[in-house]
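Secondary and tertiary structure notes
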Amino acid sequence: MTTDTTTAKRGFHFKDITKMFGGGGTSTLRQFGILGSLIVIIVLFEILTLIRNGPNGATLTSGNLINVINQYSFILILAIGMVMVIIMGHIDLSVGSVAAFTGIIVAKSMQDWSLPWPLAILLGLAVGAAVGAWQGFWVAYVGVPAFIVTLAGMLLFRGAQQWIGDAQTIPVPKGFQIIGTGYLPEIGLPLPFNVPTMLLALVAVAWLVFFEIRTRRVQHKMGSESVPRWVSITKVVLLSVVVLVAAWMFATGRPGTSFPVPGLILLALVILYTFVTSKTVFGRHIYAVGGNRQAARLSGVKDRWVDFFVMMNMSVLAALAGMIFVARSQASGPNDGTGWELDAIASVFIGGAAVAGGIGTVIGSIIGGLVMAFLNNGLALLGQGADVVSMIKGIVLLFAVGIDVWNKQQGRPSLIGFMTRRFGRQVDPATETFEPNKTYQAPPVDKTSGK
């Protein structure tokens, strides 16, 4: 007599709640906790600003949400590249200097060479690629630790930026400013909201529904366990409500505003790099090398090429972040990029990356970056100075990593590892292939033969 496990699993089980954001069967409690922390921070500052300012809070307003995206989009872009660097077991201290270096070259090219702004953007990306290739060469093929290479790069490119710009502010033309201050355009319909913004939200909701249905069908076809249907429905409904409410706030802000262009660039990069890191062979190689370089090398992974590309990719994203910041500031200045690397690194670790490498996700890093962004924003709305903001950010970072390390030392499951194990890549000893969602154990020791 067989047991119908499908029937047995029907009904409500509290543990199913932890599977809500696991893509089917895999608990992502740590990621759920980070997302919950972000929600708590937003609600807390909304209440505090409500008490401080009177009838309305200042955090969940259209103008403030637009400001958060405009002010911190470049840090979130850096976090996308930084998480790949940290997964590899490296660190990049030069991103702020590279961003500033690229910004001054692009600004000078448009002012002194009369270069059209679209070509100036391409020039900036090429400069980022060249800088990344330079640093990647030293890391991948010479073997100098990335910490030392990028520390040297931080000094080198900061000095070069101030030398090229002569420590002056270089303005940029109006057309170039679109990538930092632009919004989705109006289409002329007599409606009280920005139509393209709401259409973008509807496309996002449709994608959420399609992705969840597709995931369940694939799981059913493969015979793997899937979460209860009510979990999938609840997840899609909650995410759809969040997307639609946020889009409505962006679409109904002050006249002339809508969803910012920097947010569009960030959204496109999140989709692209989430796909690259979780669905491609190269993405699996990043996790493989970061988790166990020697095993990855024995399995045929070209770890030096992976090192080189990841470092170059980081500098390209730094160049893009620098151009967005210059466009938003309307000029390139001598202090651009100062401290950006610290915010990017903090975002990645708060988002669940492991110090030793091999663990981390793009989505987790974006959530970590938003935690830092709303902390900065909320404390500023409450009138706190930079000293208080810096201290609180340091405490948050220390606790985020310290709690995970303490759990490991106590023999408890690592919350960070628990969060990202579905994205990790390990080696199957039998086939020497990398498979997600699978834990491999060392073969038993034969004590009689000494093997």
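Residues numbered from 1 in each chain as written. Predicted model: local features only at pLDDT ≥ 70, side-chain atom pairs only at ≥ 80, totals over all residues. Heavy atoms only, no water.

This next bit is on the side chain of Thr-257. The topology assignment puts Thr-257 in the loop between α9 (229-251) and α10 (261-279). Residue class for Thr-257 comes out buried when judged on its relative accessible area of 4%. Polar side-chain contacts of Thr-257 include one of 2.6 Å to the backbone oxygen of Arg-254. (Helix = DSSP H or I, 4+ residues; strand = E, 2+ residues; numbered from the N terminus. Buried < 20%, exposed > 50% of the residue type's maximum accessible area, 1.4 Å probe, protein only. Polar contact = N/O pair within 3.5 Å; in protein donor to acceptor, adjacent residues only side chain to side chain.)

On to a nonpolar patch on the surface. On the surface, Trp-134, Phe-137, Trp-138, Tyr-141, Val-142, Leu-156 and Trp-305 cluster together to form a nonpolar patch covering roughly 700 Å² of accessible area. With five residues, helix α5 (residues 117-142) is the single largest residue contributor to the nonpolar patch. In this structure, Trp-134 sits in helix α5. Here Trp-134 falls in the partly exposed class, since its relative accessible area comes to 45%. (Patch = residues over 30% accessible without salt bridge, like charges linked within 9 Å, V, L, I, M, F, W, Y side chains within 5 Å. Areas by Shrake-Rupley, 256 points an atom, 1.4 Å probe, with all protein chains shown as cover. Salt bridge = Lys/Arg side-chain N within 4 Å of Asp/Glu carboxyl O.)

The subject of this paragraph is the pattern of salt bridges. In the structure shown here, the tally under the stated rule is six salt bridges. A salt bridge links Lys-108 to Asp-112; its shortest N-O distance comes to 3.1 Å. Of the two residues, Lys-108 and Asp-112 both sit in helix α4 (residues 95-112), four residues apart, roughly one turn of that helix. For Lys-108, a relative accessible area of 22% translates into the label partly exposed. For Asp-112, a relative accessible area of 43% translates into the label partly exposed.

Here we come to unusual backbone geometry. Unlike most non-glycine residues, Asp-166 shows phi in positive territory, near 55 degrees. Summarising the element assignment, Asp-166 is placed in the loop between α6 (146-165) and β1 (170-171). Positive phi, close to 70 degrees, is recorded for Gln-330, a residue that is not glycine. Position of Gln-330 among the secondary structure elements: in the loop between α13 (303-329) and β2 (331-332). Accessibility expressed as a relative area gives 40% for Gln-330, which makes it partly exposed.

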